[in-house]
Structures are given as structure tokens and as C-alpha cells.
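The residues making up each chain are set out below.
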Amino acid sequence: LFLYLKYKLLIILKMTTYKKIYSGKVRTIYQNEECENILLMEATDRLSSYDRNICNIPNKGEILNSISIWWLNKTKHICPNHFIRKINNNSMEVKKCYPFPIEFVVRCYMTGTTNTSIWVNYKNGCRLFCGNKLREGYKKNQILDEIIITPTTKDKNDAPITPSEIIKNGIMTKNEWEICKKYAIELFKFGQQEMKKKGLILVDTKYEFGKDANDNILLIDEIHTPDSSRYWIENSYKERFENNIEPENIDKDIIRKWIAKNYDPYNSEKIIIPEELILETSEKYNKLYKLITK
């Protein structure tokens, strides 16, 4: 017994070391120095929008990490993912994967404010968006006739791209695209079903996929967080839509909408967010976490 306890104590005291290898818009990635196939992914308080870092939101990193872990555990029967274990409030260990440089944006509503959003493109006359044919007559925030995927490139400046371009340019094979497309639709439908139970509408989201050392396709990065997803309050949506009032949202759209109203989002040199809006966003993130995981 003494030897066993001594052995367990040595394991506990053995500190894993990590080396910083990448700092993105929101997350910082570290390499596990004892195992080349394990990474540490740290969610920060940084908020990114319109292809830039905008501000820091208090407690955001902890909330993103917690929501992602909740969903990764909840959806592993649908799609294998990279999650290994939680390290601390802001970080998790994940399997090292080679990501496809594509964001799988899944949509069910005609909405958005950025240049890659479906509403902005539709309003400007686009009726063939990322390979999806769109009928005439949609209003802003209206539900689409079907769930669609509108992929974007994953770069400094994201850009819409079609599935045929992805395959033609060798970014993904047709089989890889079809597997990830199937996963994305199934994950989104499951997310919608779960959120309906909580009085929320999962409006749209983005997924990222990659391949592990054994060539398996895994869901990576985050899932269904207020950074990567748009959430509306269900019981007020219909009335507000019929009266041309913006839906009650509970995600980072509160920041995006304020920026779009007060700045030229892509050309303003500096964007300053009011402190009260930062605190309101933090409160909404915390409220969403409680609603999702209750």
C-alpha cells in the first residue's frame, strides 16, 4: 500500500510541461513536451469580430472552455472529437490534428452582419451563395427553407468558398468533404434539438475538422459556444420577426451589431467598445452557459 501511494504521489507531482506554439484570435495553443500527439488549448478572454481582435470579455475564456467541453462530451456519439481532458478552467488537452483550412458554417436563418454572412450577401443580390441556391423573397432573420452549409476559408481574412472549389483546389477530397458535411449537419440538428429544450434557437454555427495521427477525421476547436454560434430566445422570436424587430440574442452578436451601427467595421483603424457593453456581453455569456448546461 505504501509503495502504491508513493507511486500515485509521484504521478501527481510530475508536472507536464507545455511549449507555446501558436496564438490565434481567441485561443493559444501549446505543445505537450512529453507527447508530440497532445496539445493544450487555452481559451482566452479575447473577442474577435470582423477579422480582428476587438476587446477582452471578463470570464469569456472560462465560459468558452466549459461550454465546449459540455458539448464535446454530449456529441461524441455523433462525431469523434479531439477532447482528452480538462486541465483547468480555461484549458483542455486535445489530440493533435492537422486541420482542414475550412470553416463549416451551418445556417438555418437568413441573418448576419459580416461580409461572409448570408444576409449581407443576399441583401446585395447574391442568390447562389457558397454553392447554395437561394430563392427570392427572404426577409432578414427569416428561417431558411432548409439547413445549409456555407463554407469559408480559414485565414487571416475568411472568404466564402463553394464545395466544388474546395475539392477542385485540393483543399479536401470529395470523400473528406462528404464525411465532414454529414457530421456538421448531424451535429447542428442535435444542437438545435437540445437547445429547443432550453428555450433557445441555435441559429447558425461553425465547425472545424482535422485528421489525427491515424488519419481519423475528428471535430476540433470549439463547438456551439457564443463565439462560434448565434443563439436567439425562442419565445420572443416570432413576434419580434413579424414586427421587424431584431431577435433577442445571447451571443457575441451584441458586440457585432454595436460595431456595425457605430463604425465602418472593416475600415475603421481603431474600434473602442464601451465598458458597459463589455460587461453586458460577459453577463450574457454566463447566462448562456447556465442555460446550456443546466
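Quick summary incoming for the structure in this document. (Residues numbered from 1 in each chain as written. Predicted model: local features only at pLDDT ≥ 70, side-chain atom pairs only at ≥ 80, totals over all residues. Heavy atoms only, no water.)

This part is about the pairing of strand β14 (residues 200-211). For β14, the tally of buried residues reaches 12 of 12 residues, placing the bulk of the element in the interior. By the bridge criterion, 2 bridges tie strand β8 (residues 98-99) to β14 in an arrangement that is antiparallel. Note that in β14 the partner of Pro99 across the bridge is Gly210. In this sheet, β14 lies alongside strand β9 (residues 102-110) in antiparallel orientation, the contact comprising 4 bridges. Its bridge partner being in β14, Arg107 is matched across the sheet by Asp204. Here β14 runs beside strand β16 (residues 229-233); their pairing, made up of 5 bridges, is antiparallel. Of the residues in β16, the one forming a bridge with Asp204 is Arg230. (Buried < 20%, exposed > 50% of the residue type's maximum accessible area, 1.4 Å probe, protein only. Helix = DSSP H or I, 4+ residues; strand = E, 2+ residues; numbered from the N terminus. Pairing = 2+ DSSP bridges.)

Their axes nearest at 10 Å, the elements helix α2 (residues 60-74) and helix α8 (residues 275-293) cross at an angle of 20°. It follows from the interaxial angle that α2 and α8 lie roughly parallel. By crossing handedness, the relation of α2 to α8 is classed as left-handed. Within the contact between the two elements, α2 uses Lys60, Ile63, Leu64, Ser66, Ile67, Trp70 and Trp71 and α8 uses Ser282, Tyr285, Asn286, Tyr289, Ile292 and Thr293. (Axes fitted to C-alpha atoms, helices over the stretch in contact; angles between N-to-C directions. Parallel < 35°, antiparallel > 145°, perpendicular 65-115°, else oblique. Left-handed = near helix turned anticlockwise from the far one by under 90°. Contact = heavy atoms within 4.5 Å.)

This next bit is on the packing of helix α7 (residues 253-262) against α8. Between α7 and α8, whose axes approach to 9 Å, the crossing angle comes to 150°. With respect to α8, the element α7 is oriented roughly antiparallel. Across from Ile254, Ile255 and Trp258 in α7, the residues of α8 making contact are Leu277, Glu280, Thr281 and Lys284. Class assignment of the residues belonging to the contact of α7 with α8 gives a composition of 4 nonpolar, 1 polar and 2 charged. (Nonpolar A, V, L, I, M, F, W, Y, C, P; charged D, E, K, R; others polar.)

Bringing the side chain of Asp251 into the picture now. In this fold, Asp251 is placed in the loop between α6 (234-242) and α7. Looking at Asp251, its side chain comes within polar contact range of the main-chain nitrogen of Tyr231, at 2.7 Å. Polar contacts involving the side chain of Asp251 include one to the main-chain amide nitrogen of Asp253, which spans 2.7 Å. Setting aside its immediate chain neighbours within four residues, Asp251 contacts Pro226, Ser229, Arg230, Tyr231 and Tyr285. (Polar contact = N/O pair within 3.5 Å; in protein donor to acceptor, adjacent residues only side chain to side chain.)

Here we take up the pattern of salt bridges. Applying the stated rule across the entire model yields 23 salt bridges. Among the salt bridges present, the one from Lys154 reaches Glu208, with a minimum N-O distance of 3.3 Å. Within this pair, whereas Lys154 is found in the loop between β13 (152-153) and α4 (163-168), its partner Glu208 is found in strand β14, the two being separated by 54 residues in sequence. A residue is classified by how much of its surface remains accessible, and Lys154, at 40% relative accessible area, is partly exposed. Ionic pairing is found between Glu194 and Lys197, a salt bridge with its closest N-O pair at 2.9 Å. (Salt bridge = Lys/Arg side-chain N within 4 Å of Asp/Glu carboxyl O.)

Moving on, we get to the sheet that holds strand β7 (residues 91-95). Judged by pairing direction, the sheet is antiparallel, and its 5 strands sit side by side in the order β1-β2-β3-β7-β6 without closing on themselves. Unpaired on one side and paired on the other, β1 (18-23) and β6 (83-88) mark the two borders of the sheet. Averaged over all pairs of adjacent strands, the angle between their axes in this sheet comes to 30°, without regard to strand direction. For β6 and β7, the ladder comprises 4 bridges, and the chain directions are antiparallel. Note on β7: the bridge partner recorded for Arg85 is Glu93.

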